[in-house]
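Structural overview for review
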2 protein chains.
Amino acid sequence: MRLRDNLYSETTWDIYETRYDPDQMITSGSNFMIGNGFLGYRGTFPDDRAEQYVGCIVTDTWDNADGVWSELVNAPNGLWLQVLAGEDGGPLCWREASPDTWRRTLDFRYGVWCGEAAWPEAGIHMVEERFAGRDELHLLAARTRITASSPVRLEVRTGIDGQSWNLNGEHLPELVLRHHEGSGTVEAAGRTGQHHYDVVVVQGERFSVEGRTPGEGRAPTPAAVVASGRRIESSRVISLQPGETVTVERYVGVFTTNDLRESGDTSVEAVRHAAAAVVQRARNSTWDALIQAHRAAWDGLWQDLDVQIDGDELAQTVLRYNLYHNVIATPIHADHLPVGARGLSCQAYQGAAFWDQEVYNMPHFLYTRPEIARNILTYRYRTLPGARQKARDLGYQGAFYAWVSGDTGHEICPSWFFKDVLSGRPIRNHFNDWQIHISPDIVWALDRYIEVTQDRAFLISCGAEIAFEVARFLVSRVHYRVDRECYEVIRVLGPDEYHENVDNNYFTNWQVRYACAAAARWYRELHSSNPAELAEIARRINLHEKEPGQWEDVAERIFVPTPDPQTGLIEQFQGFFQLEDISPEDLKERLLDPGEYWGWPNGIAVATQVSKQADVLQLMVMHPQAEELEVIRRNWEYYEPRTQHGSSLSYAVYATSAARLELLEDAYRYFLRSCTVDLFNTGKAISGGTFIGGIHTAACGVAWQIAVQGFGGVAVTTDGISLDPHLPPGWDRLTFTLRWRGAAVDVTITPADITASSRRESTTELPLRVGSAGWRQLLPGEMVVIARG
Amino acid sequence: MRLRDNLYSETTWDIYETRYDPDQMITSGSNFMIGNGFLGYRGTFPDDRAEQYVGCIVTDTWDNADGVWSELVNAPNGLWLQVLAGEDGGPLCWREASPDTWRRTLDFRYGVWCGEAAWPEAGIHMVEERFAGRDELHLLAARTRITASSPVRLEVRTGIDGQSWNLNGEHLPELVLRHHEGSGTVEAAGRTGQHHYDVVVVQGERFSVEGRTPGEGRAPTPAAVVASGRRIESSRVISLQPGETVTVERYVGVFTTNDLRESGDTSVEAVRHAAAAVVQRARNSTWDALIQAHRAAWDGLWQDLDVQIDGDELAQTVLRYNLYHNVIATPIHADHLPVGARGLSCQAYQGAAFWDQEVYNMPHFLYTRPEIARNILTYRYRTLPGARQKARDLGYQGAFYAWVSGDTGHEICPSWFFKDVLSGRPIRNHFNDWQIHISPDIVWALDRYIEVTQDRAFLISCGAEIAFEVARFLVSRVHYRVDRECYEVIRVLGPDEYHENVDNNYFTNWQVRYACAAAARWYRELHSSNPAELAEIARRINLHEKEPGQWEDVAERIFVPTPDPQTGLIEQFQGFFQLEDISPEDLKERLLDPGEYWGWPNGIAVATQVSKQADVLQLMVMHPQAEELEVIRRNWEYYEPRTQHGSSLSYAVYATSAARLELLEDAYRYFLRSCTVDLFNTGKAISGGTFIGGIHTAACGVAWQIAVQGFGGVAVTTDGISLDPHLPPGWDRLTFTLRWRGAAVDVTITPADITASSRRESTTELPLRVGSAGWRQLLPGEMVVIARG
C-alpha cells in the first residue's frame, strides 16, 4: 500500500521507502528509528556519520555543555559499518546505491530496521537488520549480509564512531578508545562535562561466510584496529565468489553511570564492565535467539497496547506507527525518567517531559498497562524537589512543575530560546514561568490513574504529596479579587502558546479548580481512611491544617469562564474575543519571513484570535463532562477555523472532539493529520538554523486516544467503562484492550455491535455501559455482544 | 550671554538667535513660541508656511481625523505676512535674509516674539513683534515695521493661511474664507470632522507710514483681496523713500464653539461674531495700549510665579525660560482643560494631560497660585466620567484615569503608537491600560492641594469624590495573595516606561497605598465633620459603607518593597535586580537601528536594569519622608548610573534628590540638563518619521521644583513651610514666593541667611522652620532674617 510518495506499507505493521531522498534525510532518520525507552537509534544507514544525523540518544544522561541547553548525550555510534569494494576499492555508500533494489524498512511490530541496497558495478548486495533490545535494553544488535554477484575483494570496516552530532555542544569532550584484543571488542568511553557521567559503548562482532569456517583461507582476515580521533575502526578483508554471502553481526552494549545507581558501584570500571557484559552475553548467544527474545517482549506489549482497525489499512498503518513510537519513547522500565517530547529520536526538546507526558503519552498506557502510567507518575513524585525549588525561586509555595523536566525535575527550559529572525535577537518566552497548567495537569493525570486503578497505596506513597504540593502552589499563584469576590489566575500561557501573558484562561482556571478540589478531596478521604499515613505526609511537607480549607476555597471561588448564554461560546481567556478576528491563512500573509515565530512577544498572531492549538477544546476533551454537547459543538465550530495547528498537539483535540460530535469527516481528517505529523513530515525539521526535527511523541501517544476515546467513544470513569462509538466510514472493526481496576477487557466494535470480553486474568467485575443504556457488570472471563442501536 | 552656539540671552528674561539654522527649524519654532494657555503660536517667521511647522494650536478643539489620534486643531494662521520687493519684485524670505542684522528674540517676561532681518539688495529692513494676549486670550497681535534704505516699491501681502500643518489628518476639512469689506477684515471658518466644532479666525490690520496720512499719494494702495484654496490674502503696494518706515499691525481673533459653551449660543454666527469682536476691540485701541495691558497681566503672574537667581545668569535664564513655558502651556483661565504634555507648542502628545500635569506642571502653581492648581484638579473632577468609563471598559470599578486625557477624560492614548523600526510593524504598548499610577498620582496631588490650602469646600465638592472613586478602582485592581496575606499589584508600568508588565512596582504600590489611605482618611474626617455632605457624595456614587474599610485594608496590607537591610536598596519592581546589569552606554551599542524603541515588548532595555527614567527616586522626591536619607542616597547611587533619561521627566528627579543629598555638582548638572531639554534640543524632534518635537512642559514646570524644593530645600506640609537650602556654588541669592493657606511669603536665600517676608495681604500666620531648628510663626506683614548655620 502506498502511503505517500516514496512511503509504503506491506503489512500495516511496517513502513518502507524505495529510494533515498536527501530532502527527507532528517525525517526518515526519525521515522525509521528503533529504540526501547532506554536508547533511541535513528534510522540512518550503516555508513552514515554525524552529517547524516546519526543518533544513539541515551536517556538519563542530561548534560549542559553550552550553559543554556541541558540535553541527552548522543552516544558514540557502535553500529558503524562501511564496505569498500569495486575497482577502486572505494566505499560503497548506502545513500548512493543503485535505486533498483534499494529499500529501507521499519517493522514496527518488532522494532526492526532493515536496509537493502546493491552496488552492481561492485557486484555487491547488502541487507542490514538491526534492533534495540526490548528485553535487553542496553543492547543494540545489527546483522549485515553482504552478497557477491561477481568475484569481489571486500574490505569491511566496523567500529565505533564517536564523532557524534550534537545540538548544543559536545557532551563527551574526551573519548577514550580501547581495543580489547582478548575479547576482540572495541570500546569508547566518555564522561559528561557537567555531572561527570560516564557513557560507555562497547562493540563486538561476529563474521561468518556461509559454508566456511575460520581458518579456511578465504575467511576474513583478522581485524586490523585503528583508533583515530574520536573513531575506532576494525578492518577486515575478504574475497567472495558470486553467490557467496558474508554476514557481519555487531553487538553493542551501551551503559552509563546512572544505569548503575542502584548497584552501588558507579565507577567507570563498573560502567565499562556492564557494557562489555552485554556484548559478551550477546556473542554467547545467537542472532536468532536474541531476536526471538526481543520479539517475545514486543508481543507481550502489543497484547495490550495495540489497536486493530479492520477495513482501513491506511488508518491501521499510521495508527500502529504512532503507537510504536509512543512505546519506544517511553522509559517503561523505570520510574525516575520522563517521556521526552521528541522521545529518544534526537536531542531536540531536551529528552524531557512537558505536559504532553501526562496528557498525551500516558493515557495509552494508563488504560492498558497502568503500571507504566504509575512509573510516569512516580517520576513526577521523584521530581517534586525540583518542582518545589522552582516554586520557591519564583516566589511561590508548593510544587510548580518544570515546563521542561529532565532527570531532577528542575526547570531546564531556558528563558531565551526562539529567535526573532528579523532582528536576530533572542526572544524571552515565558514557557518556563507562566505556563502554570503543567502542575494541575499532573494532578488531573494522577486522578485518572487513581480513578482507574484505585491504587490507594500509590496515593499514600506518592500521589497525595504531589496533589497537596500542587494545590499549595496554586493557592500561592492565584489572586483574590476583592471586588468580584473570586480568585483569578493572572498572567499565564494556556495550551495556546501564541498568547502569553493572558488572564483567566478557561483551560488553566478549570484545571486549577480541579486540582485544588482533588487535593482537598484526597485530604478529606485520607483523613478518614488513613489518618496515620496522612499525618506522616503532613509532617513531611509541613502541612498546616488550614491549608486544605484554602484549597477548597480556591476551588469554590475561582472564576472560570462559562458559556455565553446566547452563543454558547467560552472565551479562551479574558479579552480573547476583542482580538482581531482573522483566519490563519490571511494572517500568514503578514509574515515578513517564513521563519518568524508567530507568538510572543510581537509575532503576527499575538493580537489576533488565531491560536496555535486547541485550548478551550483541549479542556473539553480532558473533561468530557465539563460542558453540554451543544456547547462543545459551538466552540468546536468557532475555534477550529481560528486554529493554526502550530503544535502537533492540536489535531488530536479536534479529531477526538469531532468524533464525539459525530463530525466524522472532520474527525477522520484530523486523525490522519495527527497520525502523519512525522510520517508525512508536515512540519519543518530545521527552522532558523535550529534542528527541531525528531518524533512528536505526543502526537504518537494521542493516536490511541483518538482511536479509542474518539472513535471508540470510550470513557473510563470511576463508574466503569462506557462506550459510545462513532466509527469512520469504512472501519469494519475496531479492537483494543482496556483495563479498569482488576479487569482486563478486550473490546471489538463493528458497525453492528460491540463485543466486550473480560479476560480470565481479570480479578474484578467490570461495570460497562453502551450509549445511553444502563450499566451492566461484566464478570471475569465473560464476553458480551451488544447490538448497536 | 552666550547660552550655546547661536543662542544668547541679554537680560535673563530673553533668548535670541543671530542666524537662521534650518537644522533647528522645529526646535526654534517651539522654543520661541508665544501663547497664553488658550492658544500657542509657534515662533516661526511671518512668511513661513506649513512646511516650516507654523502652528496656532487652540485648546479645547479635540478632533480625531484619522481614526487613531485625537488631537488639537492647528488653526489657520492669521499672522501670515509676505513682502515683495527688489528688482524682480520677488518675496523677501525671512529665512534667507542677510545674516548681518538677523535676529530672532523671545522676551519671556512678556511673551513677546521679535524678529529682525534685512535684505540689502532690496533695500529693506524689517522688525516684527508679536504677542498672544495675556489679558485677552483670543487675541494674537503682530506689528511689522518695514524700513527702506533706498527708494523702493513694495508689495505687502497679509492674510490668513489655512494650509495648516497637521500631524494626523486635516481637522478642518472645509474652510470658508470671507472678506468683509466694511470692516476690512478677512475670515477663515472651519468645522472639525468629529464633533463639528467651529473654529474661526478673523484678521484685521492697520497700515501706517510715518508722517503720512491716508489719502496722501504715497500711502498704501487699498487692499486687493484674493481668496484661493485655503488662503485669503490682502495685497497692498507702497513706495518708500530711504529712511521711511511702513508699519503693518495685524490683529487676529481666534474663537471656537467651545469658547462659547457658557454663553448658551454656540452657533457658527456667534463664533464668527466673537472672533470679529476681538479684532474690532483691538483696532479700536492702539498697539501701545494693547501691549501695555498684556504686560500688566504678565507682571501680575510673575509677581508670584518667578524665581530669581542672582550670581548665575545661565541658571536664571534657563529657569525663567522654563517657567514661562509652563505658564503658557497651562489653561489657567479654565477649570475644564488639561495641561498638555507638549502644551500648545504643537499637536504632539495630543494636547492632553498625562501624570505630568499633577506631578510636574502643577506644583509650580500649587505653592504660588493655588487657584490655578484648583483649576487643574477641577479638570480631573470634570473628567471623572471618562475615568469611570475606562475602569468599566477594562473590568474595574471606580475611576481609572486616562493615561492621555483630553477634554472628556476618556482614554485617548491609542493602543498602538510606536513602530518597530526593524519590522515596520506597530507595537502594542500598554501605556493606556497598565500604567495605573496616574489615578493615585492625582490623589497625591489632591492631598497636596488640600494640605496647603485647607480648601474644605473643594474637598467636599470635588476632591472626595475623586479620591473615593480612585480608591474604589484600586481595590478592584489589586489582588490579594492568600499565602502572603498581602495585596499585590500585578502587571503595571511604573514611571520607568521601558519595563512594562511588571509586578509590585515600588512607586506604584506606594502610591496605591497612599491613595487608599487618603480616601479612607477623608471619608472618616467627613463622616465626623460633614456627615450630610458625605451622605450626598455617597448617594451620588452609590458608595457602600463597607468600602472605606476595604480601602483601609488595602492600605494596611498592600506589599510595598522596603530597603534591603544590608544594602539599603529598594527593588524597582519584583525581579528587577535579576535583570541584566549593564550601563545605558553599553546597552546602546546593541541597537541595530538608532530609531529603535528601547522598551516593550522586545527593545534592548527590557531585559536589563536600564531604566528610561527615575522610578524609585521619583517616589522619594514626591514623598520626601518616605525613606531615610541614607536609603535615598544608596538608591540614588544605584539607580542614577542605570538611568538612560529617555524621558524628559528623568533629570529633575535626580536633580532634586541630589540637591537634598548635598551632591551639588550632580544636582546642578541635572538641573541644567532638565532646563535645557528643549532649549538645547537634546532630544530628537522627528523619530521614525513621526514628529515628536514641541515643548516638554513637564520639564518646564518641574524647573520650579528643582530650584525651590531642591536647591531651596522647601518642604510644604500640613505643619507649615520648612527650608533646608543647598545652593549651588555661585548662587548669591535665590528668591521666590510661596503660599501656605492664607499666607503669601517671599523668601530670599543667600549663602549667609534666609529672609522670609509675609506679605501684608496674608491672612494667616505661617509656621516656618529652617533646617532642624524649631517652628516659628511668621505674622502677616512680618519679615524675618535667619542666619544660616
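Residues numbered from 1 in each chain as written. Chains lettered and ligands numbered in written order. Predicted model: local features only at pLDDT ≥ 70, side-chain atom pairs only at ≥ 80, totals over all residues. Heavy atoms only, no water.

Here's the deal with the confidence of the model for chain A
Per-residue confidence for chain A averages 95 on the pLDDT scale, and 98% of its residues sit at or above 70. Interface confidence for the predicted complex, expressed as ipTM, amounts to 0.89; the pTM equals 0.93. (pLDDT = per-residue confidence, 0-100.)

Quick notes on the sheet that holds strand S33 (residues 766–770) of chain A
Residues and elements named next belong to chain A. Judged by pairing direction, the sheet is mixed, and its four strands sit side by side in the order S28-S29-S33-S34 without closing on themselves. The two strands at the open ends of the sheet, each matched to only one other strand, are strand S28 (714–717) and strand S34 (776–778). The average angle at which neighbouring strand axes cross in this sheet is 30 degrees, direction not considered. With three bridges joining them, S33 and S34 adopt antiparallel strand pairing. Each bridged residue has a counterpart across the sheet, and for Pro-767 the counterpart in S34 is Gln-777. (Pairing = 2+ DSSP bridges. Helix = DSSP H or I, 4+ residues; strand = E, 2+ residues; numbered from the N terminus. Axes fitted to C-alpha atoms, helices over the stretch in contact; angles between N-to-C directions.)

Digging into the packing of aromatic side chains
All names here are of chain A. A full pass over the atoms with the stated rule returns 103 aromatic pairs over all chains. Note on Tyr-53 and Trp-165: the rings are 4.9 Å apart at their centroids and 85 degrees apart in plane angle, and the pair reads as edge-to-face. Of this pair, Tyr-53 sits in the loop between strand S5 (39–41) and strand S6 (56–64) while Trp-165 sits in the loop between strand S14 (152–161) and strand S15 (175–180), and the two are 112 residues apart along the sequence. Judged on exposure class, the residue Tyr-53 and its partner Trp-165 are both buried. Cluster of aromatic residues (ring-pair linked, three or more members): Trp-13, Phe-108, Trp-298, Trp-302, Tyr-321 and Tyr-324. (Phe/Tyr/Trp six-rings, centres within 6.5 Å; stacked < 30°, edge-to-face > 60°. Buried < 20%, exposed > 50% of the residue type's maximum accessible area, 1.4 Å probe, protein only.)

Some details on the pairing of strand S31 (residues 743–749) of chain B
Residues in a regular strand project their side chains so that they alternate between the two faces of the sheet. All names here are of chain B. Counting buried positions along S31 yields six of seven residues, so the element is predominantly enclosed. Judged from the seven bridges that link them, strand S30 (residues 733–740) and S31 form a sheet pairing that is antiparallel. Looking at S31, one finds that Thr-735 is bridged to Thr-748. Linkage of S30 to S31, two consecutive antiparallel strands, is achieved through a turn of two residues, within which Arg-741 is found at a positive phi near 50 degrees. With five bridges connecting them, S31 and strand S32 (residues 753–758) associate as antiparallel partners. Pairing of Ile-749 across the sheet is with Ile-754, part of S32. Taking the residues between adjacent antiparallel strands as the criterion, S31 and S32 are bridged by three residues.

Thoughts on empty space enclosed by the protein
Throughout the structure, instances matching the rule amount to nine cavities of 30 Å³ or more. For the largest cavity, the calculated volume is near 150 Å³. Taken together, the residues that form the lining of the largest cavity break down as seven nonpolar, five polar and five charged. (1 Å grid on protein atoms, 1.4 Å probe; cavity = no way out; pocket = protein on both sides within 12 Å on 5 of 7 lines; lining within 4 Å. Points joined across faces, edges and corners; volume = space filled by probe spheres on them. Nonpolar A, V, L, I, M, F, W, Y, C, P; charged D, E, K, R; others polar.)

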